[in-house]
Amino acid sequence: MPDVTDLLTPEETATQLRLAKQTLARWRCEGRGPAFLRLGARVLYRRADVEAWLSGKRYHSTSDRVMVSEGSLPSIRGGQRGLASPRSARSVLANPEPGAVR
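Being a predicted model, the structure only gives us computed values, none of them experimental. (Residues numbered from 1 in each chain as written. Predicted model: local features only at pLDDT ≥ 70, side-chain atom pairs only at ≥ 80, totals over all residues. Heavy atoms only, no water.)

**Considerations on the overall build of the chain**
Test applied: In this text, helices come from DSSP runs of H or I with a minimum length of four residues, and strands from runs of E with a minimum of two, each type numbered from the N-terminal end. Between buried and exposed lies partly exposed: a residue is buried under 20% and exposed over 50% of the maximum accessible area for its type, with that area taken using a 1.4 Å probe on protein chains only. In this description, contact between two residues means that some pair of their heavy atoms is separated by no more than 4.5 Å. The Shrake-Rupley method, run with a 1.4 Å probe sphere, supplies the accessible areas, and residue values consider only the shown protein chains as cover.
Assigned secondary structure in the chain consists of four helices and three strands. Order of helices (α) and strands (β) in the chain, N terminus to C terminus: β-α-α-β-β-α-α. Going through the 102 residues of the chain one by one, you find that 18% of them count as buried. Here the analysis covers contacts within the chain between residues at least 6 apart in sequence; of these, 39% occur between residues at least 24 apart. A total accessible area of about 8500 Å² is found for the chain, and carbon and sulfur atoms account for 54% of it.

Right under this line is the structure:
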C-alpha cells in the first residue's frame, strides 16, 4: 500500500506537470495521462505512477515514432481517426453538422 504522502491531488499533479487541472480531467475521461486512483468521488495520483508515465514520454528527436496503444485515441464519430471521410473539407465548412462549433 502506498504511503499517503506519495498520493497527489489533481491540483498537485497538474502543478508538477505544468498542466491545467482541466487537462488532467479530460485525459482521465479519454483514458490518457498517468494512472489514477478513485476513492469514492475523490481522484488521487500515485507519485510513482506519474513518474512512470512521464518517463514514457521521453524522446530524443521530434522524428521519434509515437507508440499508440489501441484504445488510447478518442473515437471520431462517423469514421476512423486519420482516414478521410466521404465529406470534403469544403462541404464540412459550408454545411457543418448540427451542434458543431466553428
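Next comes the rest of the description.
**Section: helix H2 (residues 21-30)**
Note the following rule: When we speak of the arc, we mean the arc of directions from the helix axis to the C-beta atoms.
Among the residues of H2, those classed as buried are Thr23, Leu24 and Trp27. Down the axis, H2 shows its buried residues gathered within 100° of arc, on one side only. Turned more than 90 degrees from where H2 packs its buried face, Gln22 and Cys29 sit exposed. Looking at the buried side of H2, the elements it contacts are helix H1 (10-17), strand S3 (42-46) and helix H3 (47-55). At the C-terminal side of H2, Gly31 shows a positive phi close to 75°.

**Here we look at the side chain of Thr9**
Mapped onto the fold, Thr9 is located in the loop between strand S1 (7-8) and H1. What makes Thr9 buried here is its relative accessible area of 19%. In contact with Thr9, other than residues within four places in its own chain, are Arg42, Val43, Leu44 and Tyr45.

**So, the sheet that holds S1**
Keep this limit in mind: Being paired, for any two strands, means DSSP has found at least two bridges between them. Only the contacting stretch of a helix is used when fitting its axis, a line to C-alpha atoms as for every element, and angles between N-to-C directions run 0 to 180 degrees.
Across the sheet, three strands lie side by side as S1-S3-S2; this open sheet has antiparallel pairing. Each having just a single partner strand, S1 and strand S2 (37-39) make up the two edges of the open sheet. Judged from the three bridges that link them, S2 and S3 form a sheet pairing that is antiparallel. Across the sheet, Leu39 pairs through a bridge with Arg42, a residue of S3. Sitting on the sheet, H3 touches S1 and S3, and the angle it makes with S3 is about 65°.

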